[in-house]
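Observations on the three-dimensional arrangement
The residues making up each chain are set out below.
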Amino acid sequence: MSKNENDQVFSIFEQMEKYGHEQLIFNYDKTTGLKAIIGIHDTTLGPALGGCRMWNYESEQDAIIDVLRLSRGMTYKCAISNVMCGGGKTVIIGDAKKDKSDELFQALGTFVETLKGRFWTGTDVGTTGLDFVSANKQTKFVNGLPEEFGGSGNSGIITAFGVYKGMKATAKAAFGTDSLKDLTVAIQGLGKVGKVLTQHLLGEGAKVIATDIFEENIIAVKEAHPEVTIVKPDEIFSVKCDIFSPNALGAIINDKTINQLTCKAICGAANNQLAEPRHGDKLHELGILFAPDYVVNAGGLIAVADEFYGFNKERAFKNASLIYDTVGCILEISKKENKPPYAVADLLVDEKLDKVMRLQNKYTVK
């Protein structure tokens with residue numbers, strides 16, 4: 001146990017119980033300085049699968065909460081996408097611009113190897129495919145390697161495609177048509193997903209307002225697409241738009257931001273966009289359609305899971321296109337039953353996990 005800044009006791013086991021986790025594994029390598037936490041949430045469907053985030057967390061407690069939330073989200077993402085894997089995640093405490101090394105990711109690989117396939121990992125915020133080329137020197141349990149190394153490559157491309165499909169389904173529910181032409185979309189985050197999503201939206205005739213905390217991302221998008229309007233990071237919530245698309249970090253729909261929103265719908269790639277479930281309830285009360293993030297952003301997961309069968313790009317994109325149907329189904333049920341979309345999606349996942357667990361209870365001769 002530890003105490004946070006408000007002198008409240010922080011219990012790791014209470015947090016694991018809260019999120020429903022099986023394991024939380026702390027890994028430290030003295031030689032490289034690696035500090036990594038692996039969260040394994042639920043392995044009902046299969047081995048835990050989830051990327052590795054590298055972030056300069058303000059505290060170890062922040063890192064723990066992040067890995068718990070992210071790994072839980074992966075369980076739900078796998079289940080709603082019909083991927084037979086459980087939810088997992090790794091976070092590395094460190095500055096992705098300063099602290100990376102080949103040896104650091106090899107050290108991570110040695111720890112992943114100790115789990116012997118119970119957990120597979122790959123890229124996420126702050127990490128790249130080449131980082132896992134390094135990890136792959138010590139473990140085979142990695143996904144999303146660059147194509148030249150036999151992997152599915154840049155997950156941002158197919159993730160952005162899935163968000164685009166999910167946004168079209170969201171637009172149909174919100175505006176009566178899935179065309180994005182002439183709609184204004186406010187994009188928060190112009191990283192590997194946001195910049196590709198921008199291309200999809202502009203290609204269909206949408207108007208894009210965007211922001212990012214990294215100047216190099218803004219410069220790259222403006223050079224490629226001068227028509228994109230750039231605003232300051234704290235202004236993106238209140239800009240007049242039809243759809244707000246969070247594509248950076250999570251918990252951005254919170255007490256401070258929710259009343260600033262002017263949009264009719266929210267659809268983006270960021271994980272855990274709702275700071276708390278009650279914020280999803282509040283959006284529903286306000287009449288703002290929320291496309292559940294773990295449904296919309298499943299494209300990258302679908303791609304790396306396809307590697308288990310021998311990666312086929314056409315098959316992966318075909319499966320990612322089904323995000324359109326899944327989002328449409330969830331929003332239809334939400335409207336019919338007057339329930340927040342996030343609650344509908346969670347219920348569908350819980351029902352699936354229960355059914356699969358019952359199937360696994362049958363005795364088979366070994």
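Treat the numbers as computed from the prediction; the structure is a model and nothing was measured.

What follows is about helix H5 (residues 155–175). Counted at 1.5 Å a residue, the expected span for H5 with its 21 residues is 30 Å, and the 30 Å between its end C-alpha atoms agrees. Buried residues dominate H5, accounting for 15 of its 21 residues. At the N-terminal boundary of H5, the capping side chain belongs to Asn154, with an oxygen 2.8 Å from the backbone nitrogen of Gly156. One or two residues past the end of H5 sits Gly176, with phi positive at roughly 90°.

This next bit is on the pairing of strand S7 (residues 86–93). Where burial is concerned, most of S7 is hidden: 7 out of the 8 residues are buried. When strand S4 (residues 34–42) meets S7, the two strands line up antiparallel, connected through 6 bridges. Paired with Ile40 across the strands is Gly88, a residue of S7. Of the pairings in the sheet, the one linking strand S5 (residues 48–49) to S7 comprises 2 bridges and is parallel in character. Following the sheet pairing, Ala48 is matched in S7 by Gly86. Judged from the 4 bridges that link them, strand S6 (residues 52–55) and S7 form a sheet pairing that is parallel. Paired with Trp55 across the strands is Ile93, a residue of S7. In this fold, S6 hands off to helix H2 (residues 60–80), which returns the chain to S7; that crossover is right-handed.

This brings us to the nonpolar core. Judged by nonpolar contacts, the single largest core of 51 residues is most densely connected at Met167, Leu180, Ile187, Leu197, Leu201, Ile243 and Val327. Of the residues forming this core, the biggest block, 8 residues, is contributed by H5. When near neighbours in sequence (up to four residues on either side) are disregarded, Val327 contacts Gly166, Ala169, Thr170, Ala291, Val295 and Val296. One finds Ala36, Phe132, Val133 and Leu145 within the second-largest nonpolar core, a separate group that totals 32 residues.

Quick look at the layout of surface pockets now. In this model, the second largest pocket occupies a volume close to 990 Å³. Surrounding the second largest pocket, 32 residues form its lining, Arg69, Ala251, Asn272, Leu274 and Ala275 being those nearest its centre. Within the residue set of the lining of the second largest pocket, elements represented by two or more residues are helix H1 (12–19), S6, H2, helix H9 (293–296) and helix H13 (341–359). It is H2 that contributes the most residues to the lining of the second largest pocket, 8 residues altogether. Its residues placed into classes, the lining of the second largest pocket shows 14 nonpolar, 7 polar and 11 charged.

This paragraph deals with H2. The first and last C-alpha atoms of H2 sit 30 Å apart over 21 residues, in line with the 30 Å expected at 1.5 Å per residue. Of all 21 residues making up H2, 17 are buried, and the element is well covered by its neighbours. Positive phi shows up at Asn82, right after H2, with a value of about 60°.

Here Leu190 shows up in the loop between strand S9 (184–188) and helix H6 (194–203). Residues Leu190 and Ile219 lie 29 residues apart in sequence; the distance between their C-alpha atoms is 9.9 Å. Excluding anything up to four places from it in sequence, Leu190 contacts Lys195, Thr198, Ala210, Thr211, Asp212, Asn217, Ile218, Val221 and Ile230.

Moving on, we come to the packing of aromatic side chains. Taken as a whole and judged by the stated rule, the model has 6 aromatic pairs. Relative to Phe141, the ring of Trp120 lies with its centre 5.1 Å away and its plane at 80°, an arrangement referred to as edge-to-face. With Trp120 in strand S8 (residues 119–120) and Phe141 in the loop between helix H4 (129–135) and H5, this residue pair connects regions lying 21 residues apart in the sequence. Of the two residues, Trp120 and Phe141, both sit in the buried class. Joined through ring pairs, the aromatic side chains of Trp120, Phe141 and Phe308 make up one cluster. The positively charged end of Lys97 is found above the aromatic ring belonging to Phe214, 5.0 Å away from the centroid.

About the criteria used
- Residues numbered from 1 in each chain as written.
- Predicted model: local features only at pLDDT ≥ 70, side-chain atom pairs only at ≥ 80, totals over all residues.
- Heavy atoms only, no water.
- Helix = DSSP H or I, 4+ residues; strand = E, 2+ residues; numbered from the N terminus.
- Expected span 1.5 Å × (residues − 1).
- Buried < 20%, exposed > 50% of the residue type's maximum accessible area, 1.4 Å probe, protein only.
- Polar contact = N/O pair within 3.5 Å; in protein donor to acceptor, adjacent residues only side chain to side chain.
- Pairing = 2+ DSSP bridges.
- Right-handed = clockwise from strand over helix to strand, strands pointing away.
- Core = buried A, V, L, I, M, F, W, Y, C linked by side-chain atoms within 4.5 Å.
- Contact = heavy atoms within 4.5 Å.
- 1 Å grid on protein atoms, 1.4 Å probe; cavity = no way out; pocket = protein on both sides within 12 Å on 5 of 7 lines; lining within 4 Å.
- Points joined across faces, edges and corners; volume = space filled by probe spheres on them.
- Nonpolar A, V, L, I, M, F, W, Y, C, P; charged D, E, K, R; others polar.
- Phe/Tyr/Trp six-rings, centres within 6.5 Å; stacked < 30°, edge-to-face > 60°.
- Lys NZ or Arg CZ within 6 Å of the ring centre and 35° of its normal.

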